[in-house]
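A closer look at the structure
Each chain, letter by letter, is given below.
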Amino acid sequence: MKLFKRGIVVVALLSMVFALAGCQTTTKSEPVALTISAAASLKDAMTEIQDLYAKEEPDATLAITFGSSGSLAEQIQQGADVDVFLSASTKYMNNLKDAELLNNDTIKELLENDVVLIVPKDSTTTITDFAQVVDPSITKVAIGEPSTVPAGQYAVDVFTFYNVMDKITDKLVYGKDVKEVLTWVETGNVDAGVVYSTDAEVSDSVKTIAVASDESHKAIIYPTAVIKTSKNPEAAQAFIDFLSTDAAKEVFVKYGFKTL
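Procedures and definitions
Residues numbered from 1 in each chain as written. Predicted model: local features only at pLDDT ≥ 70, side-chain atom pairs only at ≥ 80, totals over all residues. Heavy atoms only, no water. Helix = DSSP H or I, 4+ residues; strand = E, 2+ residues; numbered from the N terminus. Contact = heavy atoms within 4.5 Å. Areas by Shrake-Rupley, 256 points an atom, 1.4 Å probe, with all protein chains shown as cover. Buried < 20%, exposed > 50% of the residue type's maximum accessible area, 1.4 Å probe, protein only. Arc of directions from axis to C-beta. Pairing = 2+ DSSP bridges. pLDDT = per-residue confidence, 0-100. Patch = residues over 30% accessible without salt bridge, like charges linked within 9 Å, V, L, I, M, F, W, Y side chains within 5 Å. Salt bridge = Lys/Arg side-chain N within 4 Å of Asp/Glu carboxyl O. Lys, Arg positive; Asp, Glu negative; His and termini not counted. Charge placed at Lys NZ, Arg CZ, Asp CG, Glu CD. Core = buried A, V, L, I, M, F, W, Y, C linked by side-chain atoms within 4.5 Å.

Right, let's talk about the overall build of the chain for a bit. A tally of regular secondary structure across the chain gives nine helices and 11 strands. A fraction of 79% describes how many contacts in the chain between residues 6 or more apart in sequence connect residues 24 or more apart. On the chain, roughly 13400 Å² of surface is accessible, and the fraction owed to carbon and sulfur atoms is 53%.

Here you go:
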């Protein structure tokens, strides 16, 4: 009888051990590495969000590549191994959608931004408007390459709206992304530049002299989506969901973005 009781106790103990082991196996998250392609204008905010997400999801590693939205979209079209795309324009997201490269159900409009005209902090220019870049004192104006950099296309739209685009073509210098444009203005290599308000806000070396009116350009929307070929679609979706949390929104607002 004693042996029988001991047997029952042993079986019960073993059952508990297996149950606990089973629980640990179920709850433990597998490490996952996500590759994110993000517009250059998101660099400051996303770098901070990357640290936040590491605390929220310690088993997820984020590798973020920053660049012009057009170049990043082209890389994805050419087969780059990317899980999530964050664009500074709906145009390039739509291009990928049309090419059937997105999980369409995951597309989400995330942020808004403004286009501004900036000059070096120590500039003595008296111009206060986009239309005034025709002034002889302004010899070089930096904008992003319009074919690949959304901010560059917005700049063309704004200058066209103010009827000065055809008068300043000789002054324009084209950057590979909006951060390069910002650097040129910071270093005084150009007299003025067109960037997002968020870029201007993080720099102590430039000042904003004009904000483009809403009617002068298309709405500046930042969409995001999971790439169809992602090997970790659930983890990618979880990251996109995190970008809409209060914690992430607080970071975006801190850097001057408007959240949607």
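Here we come to the side chain of Ser197. With respect to the helices, strands and loops of the structure, Ser197 is situated in helix α7 (residues 197-201). For Ser197, a relative accessible area of 12% puts it in the buried group.

For helix α3 (residues 69-77), the complete set of buried residues consists of Ser69, Gly70, Leu72, Ala73 and Ile76. Down the axis of α3, the smallest arc covering the buried residues is 165 degrees, so these residues share one side. Elements in contact with the buried residues of α3: β1 (32-39), β2 (60-67), β3 (84-86), α4 (90-98) and α5 (150-161). Downstream of α3 by one or two residues, Gly79 has phi in the positive range, about 100 degrees.

Turning our attention to unusual backbone geometry. Its identity as a non-glycine residue notwithstanding, Glu100 has a phi of 60 degrees, on the positive side. On the secondary structure map, Glu100 appears in the loop between α4 and β4 (108-112). Look at Asn163: it is not a glycine, yet its phi comes out positive at around 60 degrees. Assignment of secondary structure puts Asn163 in the loop between α5 and β7 (172-175).

Before going further, it helps to examine the pairing of strand β5 (residues 115-120). Across the six residues that make up β5, a large majority, six, are buried. Pairing of β5 with strand β8 (residues 192-196), which is carried by four bridges, proceeds in the antiparallel orientation. For Ile118, the partnering residue across the bridge sits in β8 and is Gly193. Across five bridges, β5 lies against strand β9 (residues 206-211) in antiparallel orientation. If you follow Ile118 over to β9, its bridge partner there is Thr208.

Looking now at the environment of Val82. When you line up the elements, Val82 lands in the loop between α3 and β3. With 46 residues separating them along the chain, Val82 and Ile36 place their C-alpha atoms 6.1 Å apart.

A word on the confidence of the model for the chain. Of all residues in the chain, 89% attain a pLDDT of 70 or more, and the chain-wide mean is 91. Low pLDDT (under 50) marks residues 1-5, which in the prediction has zero contacts with non-local residues, meaning those over four places away or in another chain. Per-residue pLDDT stays below 50 along residues 7-27; that stretch engages in zero contacts with residues further than four places along the chain or on separate chains.

Turning our eyes to something else, we now look at a negative patch on the surface. Taken together, the side chains of Glu30, Glu56, Glu57 and Asp59 present a region of like negative charge at the surface. According to the relative accessible area criterion, Glu57 is partly exposed, its value standing at 34%.

All right, on to the pairing of strand β10 (residues 221-226) then. Taking burial as the measure, the six residues of β10 include six buried ones, the bulk of the element. With three bridges joining them, β3 and β10 adopt antiparallel strand pairing. Within the sheet, the bridge partner assigned to Phe85 lies in β10 and is Ala225. The pairing of β4 with β10 spans four bridges and is classified as antiparallel. Following the sheet pairing, Glu109 is matched in β10 by Pro223.

The subject of this paragraph is the nonpolar core. Membership of the largest hydrophobic core comes to 70 residues, with the highest contact counts inside it found for Leu42, Phe159 and Phe252. Residue contributions to this core peak at six residues, all from α5. Beyond its immediate stretch of four places on either side in the chain, Leu42 contacts Phe66, Leu86, Leu111, Tyr222, Phe252 and Phe257. Listed in part, the 11 residues of the second largest apolar core include Ala73, Ile76, Met93 and Ala225.

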